[in-house]
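Understanding the architecture of this molecule
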Amino acid sequence: MKIFLDSANLKAIKEWKETGLIDGVTTNPTHLSKEGKDPSAQVKAIAKLLPKGSISVEVTEKKPDAVYKQAMAIAKLARNIVVKIPCHKDYYHVIAQLVKDGVKLNITLVFSLVQALMMAKLGVHYISPFVGRLDDIDVEGVDLLYTIRHMLDEYGFETQLLAASIRGVEHFHAAIMAGSDVITVPIAILEKASQHVLTDQGIAKFDKDWKKLGVRKFP
Ligand code: E4P
């Protein structure tokens with residue numbers, strides 16, 4: 001299972017890269033806007049930080065022709081870019097064309113099993129169901145991960161399931177159990193998920209006991 005960072009923050013990406021755990025980054029217009037920098041330069045810097053990672057960058061144009069052109073331009077920003085396109089009917093033909101052109105796509109804002117099936121049929125690389133935003137409208141977001149996993153396996157699609165809109169450690173847990181190929185995690189949740197009070201207490205207790213032995217050098 002791959003772990004992506006759901007962020008456009010260079011400092012955090014650099015910090016987490018050092019752990020050896022990070023396989024990529026997903027940005028979106030909100031993340032890039034928060035950084036307040038030139039988005040092309042920011043994306044290039046992120047792509048350079050993780051040259052073997054997958055870096056998702058979303059289109060911001062609205063008209064299909066403009067989305068196609070922008071997607072092609074975004075794909076050229078770096079070799080490891082994956083272009084994010086919203087799962088909207090207006091863009092189905094654009095998505096089909098980009099797949100034919102060999103552009104790696106991450107279809108974002110996926111909220112139903114049928115949307116996911118249609119995108120898998122078009123041959124996209126990733127589909128991103130938004131777990132947290134479904135929870136926000138009182139629909140069990142995690143269920144969608146299980147049903148999409150089943151559909152992809154049942155029909156033999158190669159499209160990867162990317163769990164997105166992760167709001168807590170319980171979503172992380174569920175994404176693992178549902179067999180997601182990838183999860184994209186906000187920094188705060190990754191920090192939280194990497195801590196356990198019993199691990200901290202255990203380290204402190206072993207340290208206290210060890211010091212009782214009074215050994216200066218080991219081994
Ligand atoms: C990532 O690809 C998505 O843009 C992101 O996970 C959305 O998260 P949010 O619903 O918390 O904004």
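Conventions and cut-offs
Residues numbered from 1 in each chain as written. Predicted model: local features only at pLDDT ≥ 70, side-chain atom pairs only at ≥ 80, totals over all residues. Heavy atoms only, no water. Axes fitted to C-alpha atoms, helices over the stretch in contact; angles between N-to-C directions. Helix = DSSP H or I, 4+ residues; strand = E, 2+ residues; numbered from the N terminus. Parallel < 35°, antiparallel > 145°, perpendicular 65-115°, else oblique. Left-handed = near helix turned anticlockwise from the far one by under 90°. Contact = heavy atoms within 4.5 Å. Nonpolar A, V, L, I, M, F, W, Y, C, P; charged D, E, K, R; others polar. Expected span 1.5 Å × (residues − 1). Buried < 20%, exposed > 50% of the residue type's maximum accessible area, 1.4 Å probe, protein only. 1 Å grid on protein atoms, 1.4 Å probe; cavity = no way out; pocket = protein on both sides within 12 Å on 5 of 7 lines; lining within 4 Å. Points joined across faces, edges and corners; volume = space filled by probe spheres on them.

Here helix 4 (residues 64–75) crosses helix 5 (residues 92–100) at 30°, and the two axes come no closer than 9 Å. One element, helix 4, and the other, helix 5, form an angle in the roughly parallel class. Classified by chirality, the crossing of helix 5 by helix 4 is right-handed. Packed against helix 4, whose contacting residues are Pro64, Val67, Tyr68, Ala71 and Met72, the element helix 5 presents His93, Val94, Gln97 and Leu98 at the interface. A class-by-class count of the residues in the contact of helix 4 with helix 5 yields 7 nonpolar, 2 polar and no charged.

With 15 residues, helix 8 (residues 141–155) should reach 21 Å at 1.5 Å per residue; the first-to-last C-alpha distance of 22 Å fits that figure. Of the residues making up helix 8, those classed as buried are Gly141, Val142, Leu144, Leu145, Ile148, Arg149, Met151 and Leu152. Its buried side turned inward, helix 8 meets strand 5 (105–110), helix 6 (113–121), strand 6 (126–129), helix 7 (131–136), strand 7 (160–163) and helix 9 (169–177). Downstream of helix 8 by a residue or two, Gly156 has a phi angle that is positive, lying close to 70°.

Right, let's get into the layout of surface pockets. Taking a probe equal in size to a water molecule and rolling it over the atoms shows the remaining empty space. Put simply, the largest pocket is a space of about 350 Å³. Contributing to the lining of the largest pocket are 23 residues, with Asp6, Ser7, Asn28, His31 and Pro186 lying nearest its centre. Residue contributions to the lining of the largest pocket peak at 4 residues, all from helix 2 (residues 29–35). Split by residue class, the lining of the largest pocket holds 6 nonpolar, 11 polar and 6 charged. Considered as a void within the structure, the second largest pocket measures approximately 180 Å³ in volume. If you trace the second largest pocket, you find it lined by Pro29, Leu32, Pro39, Ser40, Val43, Val57, Glu58, Thr60, Gln70, Ile74 and Leu77. For the lining of the second largest pocket, the secondary-structure elements that each account for two or more residues are helix 2, helix 3 (39–49), strand 3 (54–58) and helix 4. Top contributing element to the lining of the second largest pocket by residue count: helix 3, with 3 residues. Taken together, the residues of the lining of the second largest pocket sort by class into 7 nonpolar, 3 polar and 1 charged.

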